[in-house]
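# Breakdown of the fold
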Amino acid sequence: QVQLVESGGGLVQAGGSLRLSCTASGSIRSINAMGWYRQAPGKQRDLVGAFIIGGRTNYADSVKGRFTISRDNAKNVVYLEMNGLKPEDTAVYLCNAKTFSPTLRNYWGQGTQVTVSS
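All of these numbers come straight from a predicted model, not from anything done at the bench.

Turning next to the overall build of the chain. In terms of regular secondary structure, the chain is built from zero helices and eleven strands. Listing the helices and strands of the chain from first to last along the sequence gives β-β-β-β-β-β-β-β-β-β-β. Relative to a compact globule of 118 residues, whose C-alpha radius of gyration would be 13 Å, the chain shows 14 Å and is just as compact. Its C-alpha atoms give the chain principal-axis dimensions of about 45 × 25 × 25 Å. At a minimum sequence separation of 6, the contacts of the chain that also span at least 24 residues come to 54%.

Next comes the structure, spelled out in structure tokens:
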């Protein structure tokens, strides 16, 4: 079992910045991939950015150049640095961890609200 706790959301004006944090606990060594998704009201949950196999990162086209995912392995924390925020970035941001063995399993945090005003 993996537990994820997010923090750092809030209200910010367009063009501003926020940094989200996700702290993992439990079966840390079983995690194969970790990252961030977001879900706006009435819309599907979409990938924002994630660490994938080999330590590479993958980002949604809509956030490339503005958002950066990073991690502190010693603290079991993954960060999402968001710059140049736009109103369309408004959503609940959820931390995700994936384990691949024995089968694919997704773990989710409770989510943190990010609201960008115009």
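Now that the structure is up, let's keep going.
Look at the link from Ser101 to Pro102: it is a cis peptide, with omega at 0°. When you line up the elements, Pro102 lands in the loop between β9 (91-99) and β10 (105-108). With a phi close to 55°, Asn76 is a non-glycine residue in the positive phi region. Tracing the sequence through the fold places Asn76 in the loop between β7 (67-72) and β8 (77-82).

Attention now moves to the pattern of salt bridges. Taken as a whole and assessed by the stated rule, the structure comprises three salt bridges. Note that Arg38 is salt-bridged to Asp89, the shortest N-O span being 2.9 Å. Separated by 51 residues along the polypeptide, Arg38 in strand β4 (residues 33-39) and Asp89 in the loop between β8 and β9 bring together distant segments of the chain. Taking the shortest distance from any N to any O, the salt bridge between Lys64 and Asp61 comes out at 3.1 Å. One salt-bridge network, held together by shared partners, links Arg38, Arg66 and Asp89.

A few words on the side chain of Arg66. Along the chain, the position of Arg66 falls in the loop between β6 (57-59) and β7. Polar contacts involving the side chain of Arg66 include one to the main-chain carbonyl oxygen of Gly84, which spans 2.9 Å. Residues contacting Arg66, with those up to four places away along its chain left out, are Glu81, Met82, Asn83, Gly84, Leu85, Lys86 and Asp89.

This part takes up the pairing of strand β3 (residues 18-26). By the bridge criterion, six bridges tie strand β1 (residues 2-7) to β3 in an arrangement that is antiparallel. From the neighbouring strand, Leu4 faces β3, where its bridge partner is Ala24. When β3 meets β8, the two strands line up antiparallel, connected through six bridges. By the bridge assignment for β8, Leu20 is matched with Leu80.

Attention now moves to the sheet that holds β3. Read from one edge of the open sheet, four strands run β1-β3-β8-β7, paired in antiparallel fashion. At either margin of the open sheet sits one strand with a lone partner, and together these are β1 and β7. Strand after strand, the sheet turns through a mean of 20° between neighbouring axes, direction not considered.

Calculation criteria
Residues numbered from 1 in each chain as written. Predicted model: local features only at pLDDT ≥ 70, side-chain atom pairs only at ≥ 80, totals over all residues. Heavy atoms only, no water. Helix = DSSP H or I, 4+ residues; strand = E, 2+ residues; numbered from the N terminus. Rg over C-alpha atoms; globule rule 2.2 N^0.38 Å. Contact = heavy atoms within 4.5 Å. Salt bridge = Lys/Arg side-chain N within 4 Å of Asp/Glu carboxyl O. Polar contact = N/O pair within 3.5 Å; in protein donor to acceptor, adjacent residues only side chain to side chain. Pairing = 2+ DSSP bridges. Axes fitted to C-alpha atoms, helices over the stretch in contact; angles between N-to-C directions.

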